[in-house]
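These are the residues of each chain, in order.
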Amino acid sequence: MSLAIRLMRVLTDPDFALQDLEDKDRHPDLSQVSDEELGSLLVAAYRLDASAPHAMTTVRFAVEQAARERQPRFAPDACRRLFEALVERCEERGWADLTLGLGALERCTGPLPDVSEPARRLVGFWLEKDTVRQPYALLAVAGLAGDGTLRAAVERLSRDVGPIVADEIAAIAGLGPAEQALLSEIDRGHRFVSPLAHAWRRSADNPAYVAFARRALEAAADRTDAIRAGEIPYRADKAFTDREITSLGQALRVALLRDEPWLPELFERLLPGVALAPTAAKTLPSQALLYEVVRAAQDFPTPELVTAIRTVRRTVRHAGVPKQLDKMLKKADAALAERTDVALRLPRLEFETASISGSSAGGVLRRTAGDYQAVVMVTETATLTWEKDGRPLRGVPAPVRRDHAALVKELRDLVKRVNAQLVTLVRALEGGFTVEAVHPYGWWRTELAGHPLARTLVRRLIWEIEVGPGEWQAVLPETDEHLPEAPDDASVRLWHPIRSEPDTVRAWRDLLVERRIRQPFKQAFREIYLLTPAEEETRVYSNRFAAHLVHYRRMFALFRARGWKSDLLGPWDDGDGDEAERTLAAGEWRVRFFHTWADWAGDDELASTDQVRFDRRVEGAWREAPLTDVPPMVFSEAMRDVDLFVGVTSIAADPDWSDGGPERTYWERASFAELTESAESRRDALDRILPRLKIAGRCSLDGRFLVVRGDLATYKIHLGSANILMEPDDSYLCVVPARRSADGKVFLPFGDDRLSLILSKAFLLAADTEITDESILTQIKRGA
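Cut-offs applied
- Residues numbered from 1 in each chain as written.
- Predicted model: local features only at pLDDT ≥ 70, side-chain atom pairs only at ≥ 80, totals over all residues.
- Heavy atoms only, no water.
- Helix = DSSP H or I, 4+ residues; strand = E, 2+ residues; numbered from the N terminus.
- Rg over C-alpha atoms; globule rule 2.2 N^0.38 Å.
- Buried < 20%, exposed > 50% of the residue type's maximum accessible area, 1.4 Å probe, protein only.
- Contact = heavy atoms within 4.5 Å.
- Lys, Arg positive; Asp, Glu negative; His and termini not counted.
- Charge placed at Lys NZ, Arg CZ, Asp CG, Glu CD.
- Pairing = 2+ DSSP bridges.
- Expected span 1.5 Å × (residues − 1).
- Core = buried A, V, L, I, M, F, W, Y, C linked by side-chain atoms within 4.5 Å.
- Phe/Tyr/Trp six-rings, centres within 6.5 Å; stacked < 30°, edge-to-face > 60°.
- Lys NZ or Arg CZ within 6 Å of the ring centre and 35° of its normal.
- Axes fitted to C-alpha atoms, helices over the stretch in contact; angles between N-to-C directions.
- Parallel < 35°, antiparallel > 145°, perpendicular 65-115°, else oblique.
- Left-handed = near helix turned anticlockwise from the far one by under 90°.
- Nonpolar A, V, L, I, M, F, W, Y, C, P; charged D, E, K, R; others polar.
- Disulfide = S-S within 2.5 Å.
- Salt bridge = Lys/Arg side-chain N within 4 Å of Asp/Glu carboxyl O.
- Polar contact = N/O pair within 3.5 Å; in protein donor to acceptor, adjacent residues only side chain to side chain.

S.K.: Hey, could you go over the overall build of the protein for me, with residue numbers and the actual values?
M.R.: Looking only at helices and strands, one finds 32 helices and 20 strands in the protein. Against the 2.2 N^0.38 benchmark of 28 Å for 784 residues, the protein shows a C-alpha radius of gyration of 30 Å, consistent with a compact globule. By its C-alpha atoms, the protein is 90 × 75 × 60 Å across when sized along the principal axes. Sorting the 784 residues of the protein into buried and exposed places 53% on the buried side. Considering only contacts in the protein between residues 6 or more positions apart, those separated by 24 or more positions represent 67%. Mean positive and mean negative side-chain charge positions of the protein (106 and 122 charges, respectively) differ by 5 Å.

Pasting the structure below:
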């Protein structure tokens, strides 16, 4: 008996399910089941009720999970039975997911069956309800039932919904059945969830829906204009209904995915319109639509939308909204970094390229205010200064504050806007690694390397230009006066150490330190994570960062900052474990980092880390992939994030950890463990930096440690945790980090808080006779 037949018996025969089944039936490997067999099993699983025996529900969960990861196919009879099962579910539970039936018809393996009767019953059941969910799917199912049923559905769905939703319903109803079924994939039960990207892409190819999207968004902007003009009475957060907000969110995602050219002008109207009351009130015309716009930006961001959100964030009066927007923007920034087709778009804003400090060139904008001149200068960041007769002034002159207040505000807002755009640009450039983004050489020269705002960032990064087929030449524009000769359509990409030989990597690192060039993000000193023999052995998962104890809330915050999705864990039902996930390589790969809630440590929450796994998108569904199949760049960048999560939040990095038990055992083991790739990169940087320091004669590198010779003792600072041991007996020295770091007085080729902390401790301990903190001195004297 085949596995599919055995599982079908488990799902349909309670007597068989109650027998002493083999483990392969209780926990089946559904990779052995064909897509069409999986479709039949899914229909049978869907018909189970809540009272089914445990063996049946276990198999049902396995089948449903496999269906989410694969694309099951359905024989005509299975399609018919699924529609009948949907009717049964509606009658028993009051609701059924109509998209299941439409998806089955789309993947039907034979002639489409006649499902008009169950379709008519489904529509009739739905139209009796006060609130209709899945309106797109309902219209598609109504179309299967016949023209009369479709007209009844359109009339019901258009009743008392306002012109935007009525237009939406008419647009969907006018489509053919196949188009209606496709659009049903983006129809959300509520606005806090979003379908997979491929569903939006298919909808974005539908001309009728694209036309509706523009009409809907412009109608929304017209309404907020009317509220601002007093033509519509203002009521806090009542500018749009819930259904309108869902519809507008869907329309906006389609327009953003298509990168419609009319969107930036619309943002200038719509975002202030939903965020600012026409009165002095601190309320918003539609806080819900504002957040829906930001959620759309998290799915399909553009630089213009992200900048517009940041701009309105500074003007909104409600006290709690800016904080929420800041949280949401972190995910939007991460998503924009991977949308490389639009992320690097940067306006010039009337800036010109000019020499700065007599050497490097950056962007400069000058404005006259009476006898004074404002100068906005862009180097690493944008700054605003004032001059008179060419001489710089310390602050804003009093006559300018008095007579040109509007100009001062305009320029201060411009500085904030430019800095926001520079942050977005840096994240977009770094995010391009996993998609191995390439750009035309001619465009790169004018719009990045020559752009007045971008050039000071771009020129401090290493680039590769394809000067011949398969022949890449690496350049650092900051040090290379003349760029290589290549046609305008030649390819340009960011250099990554994973594509270079070790000697080449060392040469670039030496050059950066020698020329004191600080890169916008870690590039030459970037960590490389290669597959290990242990990972080849485990095949589909990595334990490289498993079994660590971390400060959970800190790690959860890092998930958000780096664009990972994860549910919040805690001591509640289903709160004990989760898989933080992030999509990479333009949505083609997904990495999952498993972790579990562990325990309380005082007021702190601890979590335990576990496996890292990778999935590949196949025919619109995620399928787990062997680690050997993961592209090296994707694997390295994903593992770099996980190393960051563990390295920053591990309790091993707490110098004053004092709890006992298993946590203390872990702390003692991990605080001085072998170095990870990030710590090795830190060691490589220190090897170059130390000879240039005034304490060089007192410092040396020894394996995992920076050894510092003081006058009172000799100290060993671990390059991973920054914790300290004292020779000769390796007694522990607790030094709680001060707020100041060494970053201000020591050149670092990249930003690294842990490296700054290590150097700060080195400077402190090298001059240990000058230490005044009694808690530190007592420990030193006790260990000496």
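The structure having been displayed, the exposition proceeds.
S.K.: Tell me about the pairing of strand β8 (residues 471-475), and please be specific about residues and values.
M.R.: As judged from the 5 bridges shared by strand β7 (residues 463-468) and β8, these two strands associate in the antiparallel manner. What sits directly across from isoleucine 465, in β8, is glutamine 473. What sits between β7 and β8 in their antiparallel hairpin is a turn of 2 residues, with glycine 470 showing a positive phi close to 75 degrees.

S.K.: Explain helix α28 (residues 632-649) residue by residue, including any values.
M.R.: Each α-helix winds once per 3.6 residues, and so residues spaced three or four apart point in a common direction. The end-to-end C-alpha distance of α28, which contains 18 residues, comes to 26 Å, matching closely the 26 Å that a straight helix rising 1.5 Å per residue would cover. Along α28, 14 of the 18 residues are buried, which leaves the element largely enclosed by surrounding structure.

S.K.: Talk me through the sheet that holds β8; I want residue IDs and the actual numbers.
M.R.: Taking strand neighbours across the sheet as the criterion, the 4 strands line up as β6-β9-β7-β8 in an open arrangement whose pairing is antiparallel. Across the chains shown, the open sheet's two edge strands, defined by having one partner strand only, are β6 (439-440) and β8.

S.K.: Can you break down the nonpolar core residue by residue, with the values?
M.R.: Within the largest apolar cluster, 161 residues are counted, with the highest numbers of intra-cluster contacts made by Val63, Leu217, Phe240, Phe267, Leu290, Leu429 and Trp463. With sequence-adjacent residues up to four places away left out, phenylalanine 240 is seen in contact with Ile164, Ala220, Arg223, Thr224, Ile245, Leu248, Val274, Ser286 and Leu289. Of all hydrophobic cores here, the second largest spans 45 residues; its members include Phe525, Leu693, Phe750 and Leu755.

S.K.: Explain the packing of aromatic side chains to me, using residue names and the numbers behind them.
M.R.: In this structure the tally under the stated criterion is 20 aromatic pairs. With a centroid separation of 5.3 Å and 45 degrees between ring planes, the pair formed by phenylalanine 525 and phenylalanine 750 is classed as tilted. Linking phenylalanine 525 in the loop between α25 (502-515) and α26 (533-538) with phenylalanine 750 in the loop between β20 (731-733) and α31 (753-766), this pair joins segments that are 225 residues apart in sequence. Per residue, the accessibility class of phenylalanine 525 equals that of phenylalanine 750, and both read buried. A network of ring pairs unites the aromatic residues Phe559, Trp564, Phe593 and Phe645 as a single cluster. When the ring centre of tyrosine 46 is taken as reference, the NZ or CZ atom of arginine 89 above it lies at 3.9 Å. In this structure, lysine 716 packs its charged tip against the face of phenylalanine 705, placed 4.8 Å from the ring centre.

S.K.: Got a sec to walk through the environment of threonine 665? Specific residues and values, please.
M.R.: Along the polypeptide, threonine 665 turns up in helix α29 (residues 661-670). Judged by its relative accessible area of 52%, threonine 665 is exposed. The spacing of threonine 665 and leucine 289 is 376 residues in sequence and 50 Å in space, taken between C-alpha atoms.

S.K.: Summarise the pairing of strand β15 (residues 621-624); cite the residues concerned and give the values.
M.R.: Where strand β14 (residues 604-618) meets β15, 4 bridges bridge the pair, whose relative direction is antiparallel. Directly across from aspartate 615, in β15, lies its bridge partner glutamate 624.

S.K.: Mind laying out the packing of helix α18 (residues 303-313) against helix α19 (residues 321-338), listing which residues take part and the relevant values?
M.R.: Closest axis-to-axis distance for the α18/α19 pair is 11 Å, and the angle between their directions is 165 degrees. The angle between α18 and α19 places the two elements in the roughly antiparallel class. Note that α18 runs across α19; the crossing there is left-handed. Facing α18, whose interface residues are Pro303, Val306, Ile309, Arg310 and Arg313, α19 presents Pro322, Leu325, Asp326, Leu329, Ala332, Asp333 and Leu336. Taken together, the residues of the contact of α18 with α19 sort by class into 8 nonpolar, no polar and 4 charged.

S.K.: Pulling in residues and values, what's your account of the sheet that holds strand β18 (residues 714-718)?
M.R.: Across the sheet, which stays open at both edges, the 5 strands sit in the order β16-β17-β18-β19-β20 with antiparallel pairing between neighbours. Each of the sheet's edge strands pairs with one partner strand only, and the pair in question is β16 (699-702) and β20. Across the sheet, the axes of successive neighbouring strands diverge by a mean angle of 30 degrees, strand direction being ignored. Pairing between strand β19 (residues 724-726) and β20: 3 bridges, direction antiparallel. Note that in β20 the partner of leucine 725 across the bridge is tyrosine 732.

S.K.: Run through the state of the cysteines, naming residues and quoting values.
M.R.: All told, the structure shown has 0 disulfides when counted by the stated rule. Looking at the unpaired cysteine 79, the closest cysteine sulfur is the one in cysteine 108, lying at 3.8 Å. Overall, the relative accessible area of 0% leaves cysteine 79 in the buried class.

S.K.: Explain the packing of helix α4 (residues 35-46) against helix α5 (residues 54-69) residue by residue, including any values.
M.R.: Where α4 meets α5, the closest approach of the two axes is 9 Å, and the angle between their N-to-C directions is 130 degrees. It follows that α4 is oblique to α5 by the angle criterion. Here α4 runs over α5; the crossing is left-handed. Packed against α4, whose contacting residues are Leu38, Leu41, Leu42 and Ala45, the element α5 presents Arg60, Val63, Glu64, Ala66 and Ala67 at the interface. Of the residues assigned to the contact of α4 with α5, the class counts are 7 nonpolar, no polar and 2 charged.

S.K.: So what's going on with the pattern of salt bridges? Residues and values would help.
M.R.: Under the counting rule described, the total for this entry stands at 66 salt bridges. Between glutamate 292 and arginine 295 there is a salt bridge, and its shortest N-O distance comes to 3.1 Å. Of this pair, glutamate 292 and arginine 295 both sit in helix α17 (residues 287-299), 3 residues apart, which is roughly one turn of that helix. Taking the relative accessible area as the measure of exposure, glutamate 292 reaches 1% and is therefore buried. Owing to a relative accessible area of 13%, arginine 295 belongs among the buried residues under this scheme. The salt bridge involving aspartate 684 is made with arginine 509; its shortest N-O contact spans 2.2 Å.

S.K.: Could you give an account of the side chain of glutamate 430, with specific residues and numbers?
M.R.: Relative to the helices and strands, glutamate 430 resides in helix α22 (residues 405-431). Looking at glutamate 430, the relative accessible area reads 16%, which means it is buried. Within the structure, glutamate 430 has its side chain in polar contact with the side chain of arginine 526 (distance 2.9 Å).

S.K.: Just give me the short version of the side chain of arginine 613, but keep the residues and values in it.
M.R.: Tracing the chain through its elements places arginine 613 in strand β14. The exposure class of arginine 613 is buried, given its relative accessible area of 15%. A polar atom in the side chain of arginine 613 sits 2.8 Å from the side chain of glutamine 611. Not counting chain neighbours up to four residues away, the residues in contact with arginine 613 comprise Val540, Tyr541, Arg590, Val591, Arg592, Phe594 and Glu624.

S.K.: Before we move on, could you go through unusual backbone geometry and cite the residues and values that matter?
M.R.: Along the chain, glutamate 727 connects to proline 728 via a cis peptide bond; the corresponding omega equals 10 degrees. Its place among the elements puts proline 728 in the loop between β19 and β20. The phi dihedral of glutamine 134 is positive, around 55 degrees, even though this residue is not glycine. Within the secondary structure layout, glutamine 134 lies in the loop between α8 (116-127) and α9 (135-145). We classify glutamine 134 as buried; its relative accessible area is 8%.

So far we have only geometry, and geometry alone does not tell us how the molecule works.
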